[in-house]
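# Descriptive analysis of the structure
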Amino acid sequence: MSYAVPAAPVVALPVAGSEDTFPVRRIWCVGRNYAAHAREMGSDPDRDPPFFFAKPTDAIVQNGDPIPYPAGTKNLHHEIELVVAIGKAGSRIPVDQALEHVYGYAVGLDMTRRDLQNAAKDSGRPWEMGKSYDFSAPCSAIQPAVRIGHPDKGAIWVKVNGTVKQSSDISNLIWNVAETISHLSQLIDLRPGDIIYTGTPEGVAAVVAGDVMEGHIDGVGDIRTPVIA
Ligand code: MN
């Protein structure tokens with residue numbers, strides 16, 4: 001038996017302080033999870049249940065690697081996000097047990113073709129072509145929770161060409177990590193290797209070819225992602 005076409009390689013992220021890598025199974029994303037960003041997107045930042053979308057696993061871009069400016073957009077936005085890496089399977093996970101399912105944390109960029117996303121929203125169509133395309137998920141190395149714990153406060157920011165564009169604190173998450181895991185696990189079975197982009201704070205803005213994005217979360221790490229033509 002052999003595959004009819006070449007099998008896709010496993011997508012894996014480095015694990016900080018280890019020779020191991022973290023094999024990414026699926027990429028889940030929270031739609032809006034900071035009140036000030038919900039407002040800038042024209043939404044009411046109440047505590048409506050979080051909603052989720054997904055990206056293809058091979059959208060991952062390693063820290064330091066460039067992303068090509070994508071086709072089909074004139075408004076490519078950065079969204080700096082805390083990423084949670086799941087280490088233990090679970091479904092219908094109670095909030096008070098949710099952190100037991102976390103392997104570690106990373107710094108990610110949920111790159112968004114905002115014009116395509118907004119057109120999809122306006123027409124009631126799926127978001128995929130705005131969110132779920134090639135090179136749309138830059139992500140740093142995973143910091144294991146056994147090394148750094150479970151960060152619940154600390155600065156999150158992204159600079160473009162050295163200028164701060166988004167700056168907040170992960171304590172401003174509407175739904176914290178445990179609550180997010182609990183909600184998502186009511187809808188799908190979480191598996192080891194799943195990662196969750198937990199949403200972005202206010203200040204999303206456009207980048208163009210030639211820009212360099214540098215993101216940071218206190219206690220988690222840094223990411224650097226150039227945009228090329
Ligand atoms: Mn996002």
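The present account deals with the structure reproduced in this document. (Residues numbered from 1 in each chain as written. Predicted model: local features only at pLDDT ≥ 70, side-chain atom pairs only at ≥ 80, totals over all residues. Heavy atoms only, no water.)

So, on to the coordination of the manganese ion. The manganese ion binds to the protein through Glu79 (OE), Glu81 (OE) and Asp110 (OD), with metal-donor distances spanning 2.0 to 2.1 Å. Sequence positions of the residues that donate to the manganese ion give the spacing E-x1-E-x28-D. Pair noted here: Glu79 is in the loop between strand S7 (76–78) and strand S8 (80–86) and Asp110 is in the loop between strand S9 (102–109) and strand S10 (112–113), with a separation of 31 residues, a long-range link. (Donors = N, O, S within 2.8 Å, 3.2 Å for Na, K, Ca; no water. Helix = DSSP H or I, 4+ residues; strand = E, 2+ residues; numbered from the N terminus.)

In this section: the pairing of strand S14 (residues 163–169). Sheet topology note: the strand S13 (residues 155–160)/S14 ladder contains six bridges and is antiparallel. Considered in S14, the bridge of Ala155 is made with Asp169. Counted between consecutive antiparallel strands, the loop separating S13 from S14 contains two residues, among which Asn161 sits at a positive phi close to 50°. (Pairing = 2+ DSSP bridges.)

Turning our eyes to something else, we now look at the environment of Asp218. In this fold, Asp218 is placed in the loop between strand S17 (212–217) and strand S18 (221–228). For the pair formed by Asp218 and Leu187, sequence separation is 31 residues and the distance between their alpha carbons is 30 Å. Every residue in contact with Asp218, bar those within four places of it in the chain, is listed here: Gly154 and Ala155. A distance of 2.7 Å separates a polar atom in the side chain of Asp218 from a polar atom in the side chain of His216. (Contact = heavy atoms within 4.5 Å. Polar contact = N/O pair within 3.5 Å; in protein donor to acceptor, adjacent residues only side chain to side chain.)

To continue, consider the sheet that holds S13. A sheet is described by the order of its strands in space; here five strands give the open sequence S6-S18-S17-S13-S14, paired in mixed fashion. Here the strands that pair on one side only, and so sit at the sheet edges, are strand S6 (67–68) and S14.

Now for the side chain of Thr200. Structurally, Thr200 can be placed in the loop between strand S15 (195–197) and strand S16 (205–207). Separated by 2.8 Å, the side chains of Thr200 and Gln166 make a polar contact. Those residues in contact with Thr200 that sit more than four places away from it in its chain are Tyr34, His37, Glu79, Ile80, Glu81 and Gln166.

Turning next to the pattern of salt bridges. One pass over the structure, following the stated rule, counts eight salt bridges. With a shortest N-O distance of 2.8 Å, Arg26 and Asp194 are connected by a salt bridge. In this pair, Arg26 sits in the loop between strand S2 (21–23) and strand S3 (27–30) while Asp194 sits in the loop between helix H5 (177–184) and S15, placing the two residues 168 residues apart along the sequence. Of the residues examined, Asp194 reaches a relative accessible area of 0% and is grouped as buried. One salt bridge in this structure joins Asp110 and Lys55, with 2.8 Å as the shortest N-O distance. (Salt bridge = Lys/Arg side-chain N within 4 Å of Asp/Glu carboxyl O. Buried < 20%, exposed > 50% of the residue type's maximum accessible area, 1.4 Å probe, protein only.)

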